[in-house]
Amino acid sequence: MKLMIAMLMMLPTLATAATEIVYNSSSNPYIPARGYVTAQQICLNANKDSFKIFVAQHTVETCDSVKTDYSDSTRPKKVCVGRKMVTVPATTTTVSAFTKKEVCQKWNRNDSAYPRCVSSVMKDTMYSTSYTQYKYEQADWRRERPISAVNKYIETCK
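As the structure is a prediction and not an experimental result, all values here were calculated from the model. (Residues numbered from 1 in each chain as written. Predicted model: local features only at pLDDT ≥ 70, side-chain atom pairs only at ≥ 80, totals over all residues. Heavy atoms only, no water.)

**Q** Any chance you could break down the sheet that holds strand 11 (residues 130-136) for me, citing the residues and the numbers?
**A** Pairing is antiparallel across the open sheet formed by three strands, whose spatial order is 1-11-12. Edge positions in the sheet fall to strand 1 (21-25) and strand 12 (148-153), since each of these pairs with one other strand and no more. Ignoring strand direction, the axes of neighbouring strands in this sheet form an average angle of 25°. With five bridges joining them, strand 1 and strand 11 adopt antiparallel strand pairing. (Pairing = 2+ DSSP bridges. Helix = DSSP H or I, 4+ residues; strand = E, 2+ residues; numbered from the N terminus. Axes fitted to C-alpha atoms, helices over the stretch in contact; angles between N-to-C directions.)

**Q** Lay out unusual backbone geometry with the relevant residues and their values.
**A** Among all residues save glycine, negative phi is the norm, and among peptide bonds the norm is trans. The backbone of Lys48 shows a phi angle near 60°, a positive value even though the residue is not glycine. Non-glycine residue Arg143 carries a positive phi angle of around 60°. Using a relative accessible area of 42% as the deciding quantity, one classes Arg143 as partly exposed. (Buried < 20%, exposed > 50% of the residue type's maximum accessible area, 1.4 Å probe, protein only.)

**Q** Break down the side chain of Asp140 for me, with residues and values.
**A** You can see Asp140 is positioned in the loop between strand 11 and strand 12. Summary of buried charges: Asp140 has no salt-bridge partner, and the nearest side chain of opposite charge, Arg145, is 4.2 Å away. A polar contact is formed between the side chain of Asp140 and the backbone nitrogen of Arg145, at a distance of 2.9 Å. Setting aside anything within four residues of it in sequence, one finds Asp140 in contact with Arg145 and Pro146. (Lys, Arg positive; Asp, Glu negative; His and termini not counted. Salt bridge = Lys/Arg side-chain N within 4 Å of Asp/Glu carboxyl O. Polar contact = N/O pair within 3.5 Å; in protein donor to acceptor, adjacent residues only side chain to side chain. Contact = heavy atoms within 4.5 Å.)

**Q** Break down the state of the cysteines for me, citing the residues and quoting the values.
**A** All chains considered together, the criterion is met by three disulfides. Residue Cys43 pairs covalently with Cys157 via a disulfide, S to S 1.9 Å. Across the S-S bond linking Cys43 and Cys157, the dihedral sits near 90°, which makes this disulfide right-handed. Of this pair, Cys43 sits in strand 2 (residues 42-44) while Cys157 sits in the segment after strand 12, placing them 114 residues apart in sequence. Pair check on accessibility: Cys43 and Cys157 agree, each one buried. (Disulfide = S-S within 2.5 Å.)

**Q** Let's hear about the nonpolar core: which residues, and what values?
**A** The biggest cluster of nonpolar side chains holds eleven residues, and these are Ile31, Val37, Ile42, Leu44, Phe51, Ile53, Val95, Ala97, Tyr127, Tyr131 and Ile154. For this core, the secondary-structure elements that each account for two or more residues are strand 2 and strand 3 (50-55). For Ile42, the residues in contact, after removing those within four places along its chain, are Tyr30, Ile31, Val37, Phe51, Lys52, Ile53 and Ile154. (Core = buried A, V, L, I, M, F, W, Y, C linked by side-chain atoms within 4.5 Å.)

**Q** Describe the environment of Lys67, and please don't skip the residues or the numbers.
**A** Take Lys67: it is sitting in strand 5 (residues 65-69). Linking Lys67 and Asp140, residues 73 residues apart in sequence, is a C-alpha distance of 45 Å.

**Q** Report on the sheet that holds strand 8 (residues 91-96), specifying residues and quantitative values.
**A** An order of 2-3-8 is seen for the three strands of this open sheet, with the pairing classed as antiparallel. On the outer flanks of this sheet lie strand 2 and strand 8, each paired with one strand and no other. Ignoring strand direction, the axes of neighbouring strands in this sheet form an average angle of 20°. When strand 3 meets strand 8, the two strands line up antiparallel, connected through six bridges.

**Q** Tell me about a nonpolar patch on the surface, and name the residues and values.
**A** Side chains of Met1, Ile5 and Met9 sit close together on the surface and give an oily, nonpolar patch of about 400 Å² of accessible area. Secondary-structure assignment places Met9 in helix 1 (residues 2-18). Here Met9 falls in the exposed class, since its relative accessible area comes to 62%. (Patch = residues over 30% accessible without salt bridge, like charges linked within 9 Å, V, L, I, M, F, W, Y side chains within 5 Å. Areas by Shrake-Rupley, 256 points an atom, 1.4 Å probe, with all protein chains shown as cover.)

**Q** Could you give me a rundown of the pattern of salt bridges, with the residues and numbers involved?
**A** Enumeration according to the criterion identifies six salt bridges in this entry. Between Asp64 and Lys84 there is a salt bridge, with the nearest N and O atoms lying 3.5 Å from each other. With a gap of 20 residues between them, Asp64 in the loop between strand 4 (58-62) and strand 5 and Lys84 in strand 7 (residues 84-88) connect regions that are remote in the sequence. In this structure Lys84 comes out as partly exposed when scored by relative accessible area, which is 43%. Between Arg145 and Glu144 there is a salt bridge; the shortest N-O distance is 3.2 Å. Taking relative accessible area as the criterion, Arg145 reaches 56% and is therefore assigned exposed. Relative accessible area serves as the criterion here: at 45%, Glu144 is assigned to the partly exposed category.

Structure representation (C-alpha cells):
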C-alpha cells in the first residue's frame, strides 16, 4: 500500500518532465524558435564562415499568375490566380555567417532624450553563434516562468 502511494506521489513529477516545451531565443534568424537545436538542423562550418542548415520538407502555397485588381481606386490589390499547394522536398543549404549591418559613426546629441544618427556605414557582422534555451511547463501558456534557462552554442559541423 505504501509503495502504491509513493508511486502515485511521483506521477506528477514524471508527467511534468515529459510535457515541457522548449523555446529558443537568439538574434540569429536560422536558429529555430521552438524545439531542441541539434547539429543535424544547424551547424557552423569548420572555417567559421558559414552555417549548414537543414530545411525539412514542407508545403508552400503558390500561384500560376498574379494579377492586379484596380476596382478599389485608392488601393490596388494583388490577386492570386490558379492557387495550388506544392510540396518542397527536404534540402540542406549553406548560408553565409556574415551579414551587412548599418552602424552609426556620428551622433547628433542636441536633444539628450533622442540622439540621432548623422552618418552611418555598412559593416560586415557575424550572426550570433549562441542562443538561450528556455524550458516551460505545458500549462505555462504565457511563458512567464521558465523551468530553466541555459545559454548554448551552435555546434561545429563534423
